[in-house]
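What follows is the residue order along each chain.
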Amino acid sequence: QGQLIESGGGLVQAGTSLRLSCAASGRTFSHSAMGWFRQAPGKEREFIAGISPSGGSTNYADSVKDRFTIFRDNTKNTVYLQMNSLKPEDTAVYYCAAPRVLMHIPRSPSTVASWGQGTQVTVSS
């Protein structure tokens, strides 16, 4: 996978929504699973959502299940993370990730081949 560029972060109030985007360069996007991770200050980077190459299969961390939705548009080489009902504990830098093994959703940092630059999400109470 080539370059990954995230956008859409910002400062929002608790209970509101935000959508992150990750635009990927390269010709393998539609054949690659993708993931979103986040890292809060003083904490390790953690997996929050992943999606299969076709978009037909998704995985979520328990902390975001039923609030966040990952989806993709292969015609635009873009993967999205729709975040609803945001909480202060969702505050973190969010990273888009492409896996080492194209077909496998990256569920840990060790399985990631490429990272985006990160986008800050801050949720105020």
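Structure report, in brief.

What counts and how
- Residues numbered from 1 in each chain as written.
- Predicted model: local features only at pLDDT ≥ 70, side-chain atom pairs only at ≥ 80, totals over all residues.
- Heavy atoms only, no water.
- Core = buried A, V, L, I, M, F, W, Y, C linked by side-chain atoms within 4.5 Å.
- Buried < 20%, exposed > 50% of the residue type's maximum accessible area, 1.4 Å probe, protein only.
- Helix = DSSP H or I, 4+ residues; strand = E, 2+ residues; numbered from the N terminus.
- Contact = heavy atoms within 4.5 Å.
- Salt bridge = Lys/Arg side-chain N within 4 Å of Asp/Glu carboxyl O.
- Pairing = 2+ DSSP bridges.
- Axes fitted to C-alpha atoms, helices over the stretch in contact; angles between N-to-C directions.
- Polar contact = N/O pair within 3.5 Å; in protein donor to acceptor, adjacent residues only side chain to side chain.

Among the nonpolar cores identified, the biggest contains 27 residues, and Met34, Trp36, Phe68, Val79, Leu81, Met83 and Tyr94 are the most heavily contacted of them. When contributions to this core are tallied by element, the ones reaching two or more residues are β3 (18–24), β4 (34–39), β5 (46–51), β7 (68–73), β8 (78–83), β9 (92–99) and β11 (119–124). When sequence neighbours within four positions are dropped, the list of residues in contact with Phe68 reads Arg38, Ile48, Tyr60, Leu81, Gln82, Met83, Asn84, Leu86, Asp90 and Tyr94. The next biggest cluster of nonpolar side chains, apart from the first, holds six residues, and it includes Ala33, Phe47, Ile105 and Val112.

Turning to the environment of Met103, a few remarks are in order. Along the chain, Met103 turns up in the loop between β9 and β10 (112–115). Taking the C-alpha atoms as reference, Met103 lies 6.9 Å from Ser52; in sequence the two are 51 residues apart. Sequence-distant contacts of Met103, defined by excluding residues within four places in its chain, comprise His31, Ala33 and Pro53.

Any two side chains of opposite charge can pair, on the condition that their charged atoms come close. Counted according to the given criterion, the structure contains four salt bridges. For Asp90, the salt bridge goes to Arg38, with nearest N and O atoms at 2.9 Å. Linking Asp90 in the loop between β8 and β9 with Arg38 in strand β4, this pair joins segments that are 52 residues apart in sequence. Here the two residues Asp90 and Arg38 agree in accessibility, since each one is buried. For the salt bridge of Arg67 with Asp90, the shortest nitrogen-to-oxygen distance reads 2.8 Å. Placement of the pair is Arg67 in the loop between β6 (58–60) and β7 and Asp90 in the loop between β8 and β9, with a sequence separation of 23 residues. For Arg67, a relative accessible area of 11% translates into the label buried.

The next thing to look at is the sheet that holds β7. Across a sheet, strands are paired by hydrogen bonds formed along the backbone, either parallel or antiparallel in direction. As summarised here, the arrangement of the four strands in space is β1-β3-β8-β7, forming an open sheet in which the pairing is antiparallel. Each edge of the sheet is formed by a strand with only one pairing partner; in this case those strands are β1 (4–7) and β7. The average undirected angle you get between the axes of adjacent strands in this sheet is 15°. Where β3 meets β8, six bridges bridge the pair, whose relative direction is antiparallel. The residue bridging Ala23 from the neighbouring strand is Thr78, located in β8.

Note on placement: Gln82 falls in strand β8. A polar side-chain atom of Gln82 sits 2.7 Å from a polar atom in the side chain of Arg19. Not counting chain neighbours up to four residues away, the residues in contact with Gln82 comprise Ser17, Leu18, Arg19, Arg67, Phe68, Thr69 and Phe71.

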